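Each chain, written out:
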Amino acid sequence: MSVNIEGKKVAIESIKRQIKVLNWVVLLVIYALAFLVLRFLYEILNYVPTQSVVAILSILAGLIAIGLYLANSASKRAIKKIEEYSTKLHSLLATTRDIREIVYGDLLLENIMESSLKITGADAGSILLAEGDKLVFKTVKGIESRKLAGFYFPRSQGIAGWVIENGGAVRVNDAKKDSRFNAEVDKLTGNETTSLLCVPLRLSTGVIGALELVNKKNDSFSEEDEELITYFADQAAISIARVKFYEDQKNYEIHLTGILLDAMDNFVHEKHGHSKRVAKYGLMIASALNMPEYDKEKLYRASLLHDIGFLKIKIREISSKDDYKAHSKLGYEMLHPIHFYAYETHAKLGYEMLRPINFYADIASIILHHHERYDGAGYPAGLKGETIPLESRIIAIAEAFDAMISRYSYKSTGKMISEDVKPSVCGFQDAVEELKKNAGTQFDPKLVDIFINNIDESSVEEA
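Here's a quick rundown of the structure. (Residues numbered from 1 in each chain as written. Predicted model: local features only at pLDDT ≥ 70, side-chain atom pairs only at ≥ 80, totals over all residues. Heavy atoms only, no water.)

**A closer look at the sheet that holds strand β2 (residues 134–141)**
Selection rule: A pair of strands counts as paired when DSSP detects no fewer than two bridges linking them. Numbering goes from the N terminus for both helices and strands, where a helix is a DSSP run of H or I of at least four residues and a strand is a run of E of at least two. Throughout, an axis means a line fitted to C-alpha atoms (over the contacting stretch in the case of helices), and angles, computed between N-to-C directions, take values from 0 to 180 degrees. Residues count as neighbours in contact if any of their non-hydrogen atoms are within 4.5 Å of one another.
With respect to topology, six strands assemble into an open sheet ordered β3-β2-β1-β6-β5-β4, the strand pairing being antiparallel. A strand with exactly one partner marks an edge of an open sheet, and here the two such strands are β3 (152–154) and β4 (170–172). On average, adjacent strands in this sheet sit at an angle of 20 degrees to one another, irrespective of strand direction. Pairing geometry for strand β5 (residues 196–203) and strand β6 (residues 206–216), over eight bridges, is antiparallel. For Arg-202, the partnering residue across the bridge sits in β6 and is Val-207. Across the sheet, helix α3 (residues 105–120) touches β1 (122–131), β2 and β6, and the angle it forms with β1 is around 140 degrees. Along the sheet, helix α5 (residues 158–166) contacts β1, β2, β4, β5 and β6; its crossing angle with β6, the most-contacted strand, is approximately 145 degrees.

**Considerations on the packing of aromatic side chains**
What counts is decided by this rule: Only centres within 6.5 Å qualify two rings of Phe, Tyr or Trp (six-membered ring in Trp) as a pair; their planes then separate them into stacked at under 30 degrees, edge-to-face at over 60, and tilted for everything else. Only protein chains enter the accessibility calculation, which uses a 1.4 Å probe; a residue is then buried when its area is under 20% of its type maximum, exposed when over 50%, and partly exposed in between. Charge over a ring is defined by NZ of Lys or CZ of Arg lying within 6 Å of the ring centre and within 35 degrees of the ring normal.
According to the stated counting rule, one finds seven aromatic pairs in the structure shown. Taken together, a centroid distance of 5.3 Å and an interplanar angle of 90 degrees make the contact between Tyr-281 and Phe-401 edge-to-face. Separated by 120 residues along the polypeptide, Tyr-281 in helix α8 (residues 274–288) and Phe-401 in helix α13 (residues 390–405) bring together distant segments of the chain. Considered together, Tyr-281 and Phe-401 belong to a single accessibility category, that of buried residues. Aromatic side chains Tyr-281 and Phe-451 sit 6.2 Å apart centroid to centroid with 75 degrees between the ring planes, which places their arrangement in the edge-to-face category. Remark: Phe-451 occurs in helix α15 (residues 445–454) and Tyr-281 occurs in helix α8; sequence separation between them is 170 residues. You can call Tyr-281 buried: its relative accessible area is 0%. Its relative accessible area of 1% is what places Phe-451 among the buried residues. One aromatic cluster is present, built from ring pairs that chain together Tyr-281, Phe-401, Phe-428 and Phe-451. Against the face of Tyr-152 rests Lys-134, its NZ or CZ located 4.5 Å from the ring centre. Note that Arg-180 overlies the ring of Trp-162, its terminal NZ or CZ placed 4.7 Å from the centroid.

**Focus on helix α9 (residues 293–304)**
An α-helical turn contains 3.6 residues, so a residue and the one three or four places further along point in the same direction. Counted only if it meets this: Between the first and last residue of a helix there are one fewer steps than residues, each counted as 1.5 Å, and that sum is the expected span.
The terminal C-alpha atoms of α9, which comprises twelve residues, lie 17 Å apart, in line with the 16 Å expected from a rise of 1.5 Å per residue. Among the residues of α9, Lys-296, Lys-298, Leu-299, Arg-301, Ala-302, Ser-303 and Leu-304 are the ones counted as buried.

**Notes on the nonpolar core**
Note that soluble globular proteins tend to have their nonpolar side chains buried in a common cluster. Definition in use: Each nonpolar core is a collection of buried residues, namely Ala, Val, Leu, Ile, Met, Phe, Trp, Tyr and Cys, held together in the definition by side-chain atoms within 4.5 Å.
Of all hydrophobic cores here, the largest spans 41 residues; its most connected members are Leu-305, Leu-354, Ile-397, Phe-401, Leu-435 and Phe-451. At the level of secondary structure, the elements contributing two or more residues to this core comprise α7 (223–267), α8, α9, α12 (361–368), α13, α14 (428–437) and α15. Counting residues per element, this core draws most heavily on α13, which supplies eight residues. Dropping the residues within four chain positions of it, Phe-451 is found in contact with Tyr-281, Ile-285, Ile-397, Phe-401 and Leu-435. In this structure, Leu-89, Leu-108, Ile-119 and Ile-127 belong to the second largest nonpolar core, which totals 29 residues.

**Re the packing of α8 against α13**
Applied cut-off: Each angle gets one of four labels, with under 35 degrees taken as roughly parallel, over 145 as roughly antiparallel, 65 to 115 as roughly perpendicular, and the rest as oblique. Each crossing gets its handedness from the near helix: less than a right angle anticlockwise from the far helix is left-handed, clockwise is right-handed. Classification convention: Asp, Glu, Lys, Arg as charged; Ala, Val, Leu, Ile, Met, Phe, Trp, Tyr, Cys, Pro as nonpolar; all other residues, Gly among them, as polar.
Running from N to C, α8 and α13 cross one another at 130 degrees; their axes reach a closest spacing of 8 Å. When the axes of α8 and α13 are compared, the pair comes out oblique. Handedness of the α8/α13 crossing: right-handed. The segment α8 lies against α13, with His-274, Arg-277, Val-278, Tyr-281, Gly-282 and Ile-285 engaging Ile-394, Ile-395, Ile-397, Ala-398, Glu-399, Phe-401, Asp-402 and Ile-405. Here the contact of α8 with α13 is built from residues that sort into nine nonpolar, two polar and three charged.

If you want it as structure tokens, here you go:
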């Protein structure tokens, strides 16, 4: 269908050119005939009275003028009609491109409805989607939308029901005379439906709903309206299905992320709530950087799952500081009672877990590199400076800060600190000083400055 519409656009321009050429041809023919008539009159001028010649010339001039006027008027009307159709096609194609970019269901349906009213000149309209054996009003414009919001009727009823069941368009100029018309909607809204155009929202797998337009302004819906809106509805159906898939995917992601976070909190008790706090501190830095919303969302998701690799590690406590192979003093002070090899590999394991999952693939590399060091001495790739993903550098700071102020921090003995024993790094100010001390070596110094300038004790959550 898209190829047909694009082809029609090209064909319209061709027809306009042909009409203009035809006008010149008609003009040339008329002038040629006039010349021949005048030539003939000149030959018989001595045999015909002057008054007859004048009369003939007057009639000829009148006919030429009328012919030119009619030809010009007809071509102007044709060109105007073609230009109007071309404008609608251009608007339709532009609108079709626009709706492909929308990823939110409510906004998409609103846009489809408004565009449909504009294309056809209808006073009102609605989008109905099939849900089991029901047809549900999802979007309504131009009539009592409040009364129809969420209203539904059996799938087998009404013109919309017929359109969905049969997969064809319906165009009527007096809806009340059509036996398929469902008058219940008019009774509910107090609106009177006269002309009506209803087309299916169709996919290759079947019809998912209907786009219904009512009461075209000062006119009845035309075959042209039906053709244009049928094409638009086909494209709209594809966008609706795509957005539904996206929203379902986001829903799966939200629930799966929640399940994974619960599993981490239960499996690694000392990390309870750690990921959510890291996400909070990370967004604090992102907001100060005026990071785009899409990048903020990636950072948030990566922060929640940055330690997911621990779920693939058999955790065992250790009791000797000799088992620590910390690559920096701060790393040494922060380590939980997990063998360093396990600690070192959890980022890579998290990456390998998430990369094959479509809705986590974009954050997998962030998780992979969240233990890189700004000076290049980190792991797993030894990336240095700004070659480390920005989100990974942010998580590194947020995670270190949360680990340092947590009551579940560990001393060098490897034993968990009880409430009557002070941790190696204790308190808000000590954590801030430790970040400053390691800025430029372990952490991005600019991000450390931003974090310190935007964090205060009132925004710190207790672990």
